[in-house]
Amino acid sequence: MRRVMSTVTGALAVGAALIVAAPGLASAATGTFEYSSRGISRTLTDPNDRQCYDLGDAVGAENNTDRVAVLYTGRGCRGTAVARVVPGGSAVRVRYASVIFES
C-alpha cells in the first residue's frame, strides 16, 4: 500500500510540475503588429512567440507588441533578415515576406 501511495504522490508531483511549466512553452506577444500587403493595411494581434507568419508581399511595419519582430525576405522566415523591429518601433518602406517574434 505504501508503494502505491508513493507512486501516486510522485505522479501527481510530476503532473503539477508540467502544468506550472506549460505556460512558458506557448507564450505570445501582447499587442499588435501592423503592416501593409498589396495595398491593404493588416494587423496581427497577440502573435505567438517563435511562430513564423507568412505575410505575402508586405511593406512597412509598426510593432506595437512587447517582443522584437524579425522581418525576412522569404516565406517561412527564410532568406535574409532585413530588419529587427523593437517594441514600439517601425520599419518604413521595408519589403519582406514573413515575420517571427522573439521571446
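Preceding this section is the structure that the text describes.
How each quantity is defined
- Residues numbered from 1 in each chain as written.
- Predicted model: local features only at pLDDT ≥ 70, side-chain atom pairs only at ≥ 80, totals over all residues.
- Heavy atoms only, no water.
- Phe/Tyr/Trp six-rings, centres within 6.5 Å; stacked < 30°, edge-to-face > 60°.
- Buried < 20%, exposed > 50% of the residue type's maximum accessible area, 1.4 Å probe, protein only.
- Helix = DSSP H or I, 4+ residues; strand = E, 2+ residues; numbered from the N terminus.

Draft legend 1. Spotlight on the packing of aromatic side chains. This structure, assessed with the given rule, holds 3 aromatic pairs. Where phenylalanine 33 meets tyrosine 35, the ring centres are 6.1 Å apart and the plane angle is 35 degrees; that geometry is what we call tilted. The buried category is assigned to tyrosine 35, whose relative accessible area is 10%. Between tyrosine 53 and phenylalanine 101, the ring centres sit 6.2 Å apart and the planes meet at 75 degrees, which makes this aromatic pair edge-to-face. In this pair, tyrosine 53 is assigned in strand β3 (residues 53-65) and phenylalanine 101 in strand β6 (residues 90-101), connecting sequence segments 48 residues apart. According to the relative accessible area criterion, phenylalanine 101 is buried, its value standing at 0%. Taken together, the ring pairs connect Phe33, Tyr35, Tyr53 and Phe101 into an aromatic cluster.

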